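Spelled out from the first residue to the last, the chains are:
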Amino acid sequence: MKDVKIIRVRRGFGEMRYYACDNTGNPLRGFHKLSDIRNHWKTEIRQGRVRVIRELDKTPDLEIVNETKKNIHALLLSIKKSIRKEKSRKGSAS
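Quantities reported herein were computed from a predicted structural model and do not represent experimental measurements. (Residues numbered from 1 in each chain as written. Predicted model: local features only at pLDDT ≥ 70, side-chain atom pairs only at ≥ 80, totals over all residues. Heavy atoms only, no water.)

1. Quick notes on the pairing of strand β2 (residues 18–21)
So, point 1. Burial along β2 is two-sided: the face carrying Tyr18 and Ala20 and the face carrying Tyr19 and Cys21 are both buried.
So, point 2. Looking at chain direction, strand β1 (residues 5–11) and β2 are connected through 4 bridges and run antiparallel. Within the sheet, the bridge partner assigned to Arg8 lies in β2 and is Cys21.
So, point 3. In sequence, β1 turns back onto β2 through a hairpin of 6 residues, with Gly14 there showing a positive phi of about 70 degrees.
So, point 4. Judged from the 4 bridges that link them, β2 and strand β3 (residues 27–31) form a sheet pairing that is antiparallel. Note on β3: the bridge partner recorded for Tyr18 is Phe31.
So, point 5. What sits between the antiparallel neighbours β2 and β3 is a turn of 5 residues, in which Gly25 has the positive phi angle 100 degrees. (Buried < 20%, exposed > 50% of the residue type's maximum accessible area, 1.4 Å probe, protein only. Helix = DSSP H or I, 4+ residues; strand = E, 2+ residues; numbered from the N terminus. Pairing = 2+ DSSP bridges.)

This is the structure:
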């Protein structure tokens with residue numbers, strides 16, 4: 001039996017009207033039209049590997065997205081600090 005991937009279509013915000021989300025509600029990608037979502041996974045839908053479910057009364061779960069942004073921000077700050085330390089070492093060595 002083949003494994004079917006569930007794509008949950010949820011109401012968007014900002015520039016994107018709709019978001020395709022995984023089964024747990026985490027956003028995968030934003031779309032302007034519902035037909036764009038079906039066109040994106042057209043082959044997989046035809047083959048029965050993807051099933052699209054509309055949940056337009058819900059919004060994407062942004063908890064993981066916000067956590068990822070926070071982690072990236074912390075990583076960039078640490079890189080910036082290490083670059084500053086390296087520059088100050090080079091400046092004091094000469």
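There is more to say, and it comes next.
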